[in-house]
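Per-entry structural report
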Amino acid sequence: MDSRKVRIGQLLRKPKDWIAYQYDFGDSWRHRVTLQKVLPFDLSIRLPVCIEGRRSCPPEDCGGLWGYYEMSEALGDPGHERHEEMVDWIDSFDPDEFHLDDVNAQLRARWK
């Protein structure tokens, strides 16, 4: 399905419903999106909004899963042959980092 033409609410209606989603066909990032729960509608909340999350997403254009693994290994090992290259490219990256306020600021900017 073309994600530009279908709303997620048409696909996920009740808790535990899930969809498979592929982002970036070149790098082939595959996700399973599961509806955890449906919250009551609140007119005071500007949508879309992220209410919870964990871990950082991989950097854009890192080469898919295998490129991400290589990047993580090189960043974590100063003796790795590509360490300096990766540090210059990504500067710093913490896969365990997640900032809810930053995610919501990006959502607000995208859907003004």
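In what follows, the structure referred to is the one given above.
All values derive from a computational prediction rather than experimental measurement.

Let's shift gears to helix H3 (residues 83-90). Taken together, the buried positions of H3 are occupied by His83, Met86 and Ile90. Down the axis of H3, the smallest arc covering the buried residues is 70°, so these residues share one side. Counted as exposed and oriented over 90 degrees from the buried face of H3: Glu84 and Asp88. Against helix H2 (64-76) lie the buried residues of H3. In the segment just after H3, Asp91 is the residue with positive phi, at about 65°.

So, on to the nonpolar core. Trp29, Cys62, Tyr68, Met71, Ala74, Leu75, Met86 and Ile90 form the largest nonpolar core, which has 8 residues in total. Listed by contribution, the elements that provide at least two residues to this core are H2 and H3. If one sorts the elements of this core by residue count, H2 sits on top with 4 residues. Residue contacts for Ala74: discarding those within four places in its chain leaves His80, Arg82, His83 and Met86.

All right, on to the packing of aromatic side chains then. Applying the stated criterion across every chain yields a total of 4 aromatic pairs. For the ring pair Trp29 and Tyr68, a centre distance of 6.3 Å and an interplane angle of 80° mean the geometry is edge-to-face. Taken together, the residues Trp29 in strand S2 (residues 29-34) and Tyr68 in helix H2 connect sequence positions 39 residues apart. Residue Trp29 shares its accessibility class with Tyr68, and that shared class is buried. Consider the rings of Tyr68 and Tyr69, whose centres lie 6.3 Å apart with planes at 45°: the pair is tilted. For Tyr69, a relative accessible area of 44% translates into the label partly exposed. Through a chain of ring-to-ring contacts, the aromatic side chains of Trp29, Trp66, Tyr68, Tyr69 and Phe93 assemble into a single cluster. Against the face of Trp18 rests Arg32, its NZ or CZ located 3.8 Å from the ring centre. The ring of Trp111 has Arg110 sitting right over it, with the charged end atom 4.9 Å from the ring centre.

Reading the values: the criteria
- Residues numbered from 1 in each chain as written.
- Predicted model: local features only at pLDDT ≥ 70, side-chain atom pairs only at ≥ 80, totals over all residues.
- Heavy atoms only, no water.
- Buried < 20%, exposed > 50% of the residue type's maximum accessible area, 1.4 Å probe, protein only.
- Helix = DSSP H or I, 4+ residues; strand = E, 2+ residues; numbered from the N terminus.
- Arc of directions from axis to C-beta.
- Contact = heavy atoms within 4.5 Å.
- Core = buried A, V, L, I, M, F, W, Y, C linked by side-chain atoms within 4.5 Å.
- Phe/Tyr/Trp six-rings, centres within 6.5 Å; stacked < 30°, edge-to-face > 60°.
- Lys NZ or Arg CZ within 6 Å of the ring centre and 35° of its normal.

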